[in-house]
Amino acid sequence: MAYFKRRLFFVSIILAAAASVSFYYWPFSALSKLSTDESVKSANSHKHGKHKHDDNAPVAVSVETSRQTDFPVYLNALGTVTPLRSVMVRPRVSGEIDSIDFVEGQHVKQGDLLAQIDPRPLQIQLQQTQGQLLRDEALLENAKIDYLRYQTLLAQDSIAAQQTATQAAQVKQYQGIVEMDNAQVNNAKLQLSYTKVLAPIAGRVGLRQIDQGNLVQANETSLLIITQLQPISVVFTLAEDQVPSIMQRRLQSKPIEIVAYDRSGKIKLAEGKLVAVDNQIDASTGTVKLKAQFDNVDERLFANQFVNVKIHLNTLENVTQISSAAIQNDVQGAFVYVVTPENIIQIRRIKVGDIQNDYVTVLENLAVDEMVVLEGRETLRDGIKINIVQKDGHVIMPIPDYPIEAKEKTANH
């Protein structure tokens, strides 16, 4: 009996140990089986073509539509704003400045008072010349009276003819002296008028260069600079190869429009007209100088300002144009990737015309409203299918490559 109990005890221990081991390894066995099942399913899916990577899948591209419109043709140049007139104002007489009669940056008209120089020395000089004139006029009158008397005596044969002739010469001498005195008086008046410094032209006053109370020297000391800003000109240069088109347009008596932009070429400053072309080519640079004039009503152009110039040479009417980014080039010339209505790529050789900014005219082999590829050209070739993701700047929502039911079933799983 004791032996049977011991044997039963050992059997119970062995069964308990076996149950523990089975319980421990069961999850790993189930997981392994699940993985194996999934692998089989995956293999079967690939075998039947589900979720297979397709090397011939459509290439995502961005396209634009060619359009027909008027195409302005411009020539680009660099220029410098040059005032039509700029005057450095200097005094024409010496003396002390009594007053400054302008404000820096002020707009002045021709003849406006700018400064006053002490007039007293010149007033005294004028009085001296006027007094000398009165004296010489009195001597002239006396000489004329004597000449009339001598003529009467000569008629009575009371004096010699030589004495009368001498008196006539003296009258003419005094007449000359009086004329000189008149000139000195006028000169003194002119010098006195120079004590009022007047604006020689209309324009904007710059910063003053001298203050009240300073002594100035005639034709030496600079008081200020006046620059005419309305109208104003821009001088720019063009390559000699571009000059014939400019001259041909001028021969047609058509005004050539000029547009001035800032240094960056983005902000439009003013519009004007071409007024002059230089008469010779600079041999060192191969360029020709041209001058345009602008009304500059809002004064956005300043003297010596650097500007970008666009010359409106012509306008091509009803031409086909596309973005220059769509143009490709190889040894045979320019071509584009054209998208057919079936979304198939077609390589098309084209003839390119004028180029302005980011657009180019197409002269041959491209119709209006045809689509050309802008982006995604790296793997394109003739005849492949593409998927348009953006057209004329608008994003096109992609179509899923699997049914909606499959999407819902995946979500539920």
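Cut-offs used in this document
- Residues numbered from 1 in each chain as written.
- Predicted model: local features only at pLDDT ≥ 70, side-chain atom pairs only at ≥ 80, totals over all residues.
- Heavy atoms only, no water.
- Axes fitted to C-alpha atoms, helices over the stretch in contact; angles between N-to-C directions.
- Helix = DSSP H or I, 4+ residues; strand = E, 2+ residues; numbered from the N terminus.
- Parallel < 35°, antiparallel > 145°, perpendicular 65-115°, else oblique.
- Left-handed = near helix turned anticlockwise from the far one by under 90°.
- Nonpolar A, V, L, I, M, F, W, Y, C, P; charged D, E, K, R; others polar.
- Core = buried A, V, L, I, M, F, W, Y, C linked by side-chain atoms within 4.5 Å.
- Buried < 20%, exposed > 50% of the residue type's maximum accessible area, 1.4 Å probe, protein only.
- Contact = heavy atoms within 4.5 Å.
- Salt bridge = Lys/Arg side-chain N within 4 Å of Asp/Glu carboxyl O.
- Pairing = 2+ DSSP bridges.
- Polar contact = N/O pair within 3.5 Å; in protein donor to acceptor, adjacent residues only side chain to side chain.
- Expected span 1.5 Å × (residues − 1).
- Phe/Tyr/Trp six-rings, centres within 6.5 Å; stacked < 30°, edge-to-face > 60°.
- Lys NZ or Arg CZ within 6 Å of the ring centre and 35° of its normal.
- pLDDT = per-residue confidence, 0-100.

A look at the packing of helix 2 (residues 120–155) against helix 3 (residues 161–193)
For the pair helix 2 and helix 3, interaxial distance at closest approach is 8 Å and the crossing angle is 165°. Taken together, helix 2 and helix 3 sit at an angle that is classed as roughly antiparallel. In this structure, the crossing between helix 2 and helix 3 has a hand that is left-handed. For the contact of helix 2 with helix 3, the residue count by class is 18 nonpolar, 13 polar and six charged.

Side note on the nonpolar core
In terms of nonpolar packing, the biggest core is built from 29 residues, with Leu114, Val197, Leu223, Leu224 and Ile226 touching the most fellow members. At the level of secondary structure, the elements contributing two or more residues to this core comprise strand 6 (113–117), helix 2, helix 3 and strand 10 (224–227). Beyond its immediate chain neighbours, meaning those up to four positions away, Leu114 contacts Val89, Ile100, Asp101, Phe102, Val108, Val197, Leu198, Ala199, Leu224 and Ile226. In this structure, Ile246, Ala260, Phe294 and Ile311 belong to the second largest nonpolar core, which totals 23 residues.

Notes on the pattern of salt bridges
Scanning the model with the defined rule gives nine salt bridges in all. Asp118 is the partner of Arg120 in a salt bridge, and the nearest nitrogen-oxygen pair spans 3.0 Å. Two residues, Arg348 and Glu370, come together in a salt bridge whose shortest N-O distance is 3.0 Å. Taken together, the residues Arg348 in strand 18 (residues 345–349) and Glu370 in the loop between strand 20 (359–364) and strand 21 (371–375) connect sequence positions 22 residues apart. Owing to a relative accessible area of 13%, Arg348 belongs among the buried residues under this scheme.

Some thoughts on the sheet that holds strand 3 (residues 86–89)
Strand pairs in the sheet, formed through backbone hydrogen bonds, run parallel or antiparallel to each other. Read across the sheet, four strands follow the order 3-10-8-5 without closing on themselves; strand pairing throughout is antiparallel. The open sheet terminates on both sides in strands that have one partner only, identified here as strand 3 and strand 5 (107–108). Note: strand 8 (residues 203–205) against strand 10, two bridges, orientation antiparallel. Looking across to strand 10, one finds that Val205 is bridged to Ile226.

A word on the side chain of His312
Inspection of the secondary structure assignment puts His312 in strand 15 (residues 306–323). For His312, a relative accessible area of 18% gives the class buried. A distance of 2.8 Å separates the side chain of His312 from the side chain of Thr315, its partner in a polar contact.

Regarding the sheet that holds strand 9 (residues 215–216)
In spatial order, the strands read 7-6-4-9; together these four strands make up an open sheet with antiparallel pairing. Here the strands that pair on one side only, and so sit at the sheet edges, are strand 7 (196–198) and strand 9. Relative to strand 9, strand 4 (residues 95–100) is paired through two bridges, and the arrangement is antiparallel. Its bridge partner lying in strand 9, Glu96 is registered against Leu215.

Some details on unusual backbone geometry
Residue Pro231 follows Gln230 across a cis peptide bond; omega there is -5°. Its location among the elements puts Pro231 in the loop between strand 10 and strand 11 (232–239).

Some thoughts on the pairing of strand 12 (residues 257–261)
With four of its five residues buried, strand 12 lies for the most part within the structure. Where strand 12 meets strand 13 (residues 268–277), five bridges bridge the pair, whose relative direction is antiparallel. From the neighbouring strand, Glu257 faces strand 13, where its bridge partner is Lys273. Linking two consecutive strands that pair antiparallel, namely strand 12 and strand 13, is a turn of six residues; a positive phi of about 80° is found at Gly265 within it. For strand 12 and strand 15, the ladder comprises five bridges, and the chain directions are antiparallel.

Remarks on the pairing of strand 2 (residues 67–83)
Where strand 2 lies against strand 15, 13 bridges are found, and the strand directions are antiparallel. Counted as the bridge partner of Leu75 is Ile311 from strand 15. As defined by bridge partners, strand 2 adjoins strand 11 across five bridges and the pair is classed as antiparallel. Each bridged residue has a counterpart across the sheet, and for Thr82 the counterpart in strand 11 is Ser233.

What to know about helix 3
Between the first and last C-alpha of helix 3 there are 49 Å, a value that for 33 residues agrees with the 48 Å anticipated at 1.5 Å per step. Among the residues of helix 3, Thr164, Gln167, Val171, Tyr174, Val178, Asp181, Val185, Ala188 and Leu192 are the ones counted as buried. Along its buried surface, helix 3 packs onto helix 2 and strand 7.

Thoughts on the packing of aromatic side chains
Using the criterion set out here, one finds one aromatic pair in the structure. Measuring from centroid to centroid gives 5.6 Å for Phe335 and Tyr337, while their planes differ by 85°, and the two rings are edge-to-face. Here Arg67 stacks its cationic end above the ring of Tyr359, 5.4 Å away from the centre of that ring. Between Lys310 and the ring centre of Tyr74, over which it is positioned, the NZ or CZ distance is 4.5 Å.

With respect to the confidence of the model for the protein chain
For the protein chain, mean pLDDT is 83; residues scoring 70 or higher make up 82% of the total. Residue range residues 1–5 is modelled with pLDDT below 50. Its contacts to residues more than four positions away, or to other chains, number zero contacts. Across residues 21–53, where pLDDT falls below 50, the model places two contacts with residues more than four positions away in sequence or in other chains.

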